[in-house]
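Notes for the structure review
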Amino acid sequence: MSNHEQAPQTPEAAEPASQALDLQAQFTELQAKHADMSDAYLRAKAEAENTRRRAEEEMSKARKYAIESFAESLVPVKDSLEAAIAIPAATNEQLLEGVHATLRQLSAALERNKVIELNPAAGSKFDPHQHQAISVVPAEQEANTVVAVLQKGYLIAERVLRPALVTVAAPK
C-alpha cells in the first residue's frame, strides 16, 4: 500500500469521527440556544426597566396632581369669601347668609373629594379608631358610649384624617 492510499475505514474508526460531528452539531445548537436566551433575557430586563421607569413617572405625576381636583373644588369657596369681604356695608343678615352659602360650598367640595364627616350620635359606642375621648363623665347611659361631640372628626378614603373629640360615659 502506498502512503497516499487510505486503508478502508472500519466501523470502529468511523465512530469517533461521527461522534465528533454530533458533538459539534450539539455545540452549535447550544450556542444558538444560548444566544436566543441571552437576547430574551436582555429584552426582558429592558422591558422590566422601562416598566419600572414608567411606573415611577406615573407615581410622580399622581403625587404632583393628586391635589388638583381638591384644589379646584376649593377655589369657589375662596371666591365666595373674597366676595363677602369686598362688600363694605354688608348687614349681619347678609354676612350670615353668605357664610351659610360658603359653608354649603365647602361641605360639597369635601364630599366630592370623599372627605366624610365623623359626628357620632349621643349614645353610640365609643370607637377608639375614629374617636378621641377627651373626658369620661358620669351619665345615665351605657358605659363607653358617646355623651357629646366636642369637635367633629373626618375620614378620607375610609382613613381617619382627624378623630372626633368626644366625651364618654363613665362606668356606673
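Our subject is the structure that appears above.
Treat the numbers as computed from the prediction; the structure is a model and nothing was measured.

What counts as what
- Residues numbered from 1 in each chain as written.
- Predicted model: local features only at pLDDT ≥ 70, side-chain atom pairs only at ≥ 80, totals over all residues.
- Heavy atoms only, no water.
- Pairing = 2+ DSSP bridges.
- Helix = DSSP H or I, 4+ residues; strand = E, 2+ residues; numbered from the N terminus.
- Axes fitted to C-alpha atoms, helices over the stretch in contact; angles between N-to-C directions.
- Core = buried A, V, L, I, M, F, W, Y, C linked by side-chain atoms within 4.5 Å.
- Buried < 20%, exposed > 50% of the residue type's maximum accessible area, 1.4 Å probe, protein only.
- Contact = heavy atoms within 4.5 Å.
- Parallel < 35°, antiparallel > 145°, perpendicular 65-115°, else oblique.
- Salt bridge = Lys/Arg side-chain N within 4 Å of Asp/Glu carboxyl O.

Another aspect to go through is the sheet that holds strand β3 (residues 146-151). Taken in spatial order, the three strands of this open sheet run β2-β6-β3, and their pairing is mixed. The sheet terminates laterally at β2 (131-137) and β3, the two strands that pair on one side only. When the angles between neighbouring strand axes are averaged without regard to direction, this sheet yields 30°. With six bridges connecting them, β2 and strand β6 (residues 164-169) associate as parallel partners. Across the sheet, the residue bridging to Ser-135 is Thr-167, located in β6.

The next thing to look at is the nonpolar core. A general trend in soluble globular proteins is that nonpolar side chains are found buried together. In this structure, Leu-118, Val-146, Leu-155, Ala-164, Val-166 and Val-168 together form the largest nonpolar core, which totals six residues. A total of three residues in this core trace back to one element, the largest contributor, which is β6. If sequence neighbours within four positions are ignored, Ala-164 has contacts with Leu-118, Pro-120, Gln-130, His-131, Gln-132, Gln-151, Lys-152 and Gly-153.

With respect to the helices and strands, the residue His-131 is situated in strand β2. Those residues within four positions of His-131 in sequence are excluded, and the remaining contacts are Pro-120, Lys-125, Phe-126, Val-146, Pro-163, Ala-164 and Val-166.

At a closest axis distance of 9 Å, the pairing of helix α2 (residues 68-86) and helix α3 (residues 92-112) adopts a crossing angle of 175°. One element, α2, and the other, α3, form an angle in the roughly antiparallel class. Every residue of α3 that contacts α2 at Phe-70, Ser-73, Leu-74, Pro-76, Val-77, Ser-80, Leu-81 and Ala-84 is listed here: Leu-95, Thr-102, Gln-105, Leu-106, Ala-109, Leu-110 and Arg-112.

What follows is about the pattern of salt bridges. Enumeration according to the criterion identifies eight salt bridges in this entry. Ionic pairing is found between Glu-82 and Lys-78, a salt bridge with its closest N-O pair at 2.2 Å. Taken as a pair, Glu-82 and Lys-78 lie in helix α2 at a separation of four residues, close to a single helical turn. Each of Glu-49, Arg-52 and Glu-56 takes part in salt bridges that share partners, so that together they form one network.

The quantities given are spatial measurements derived from coordinates; they are silent on function.
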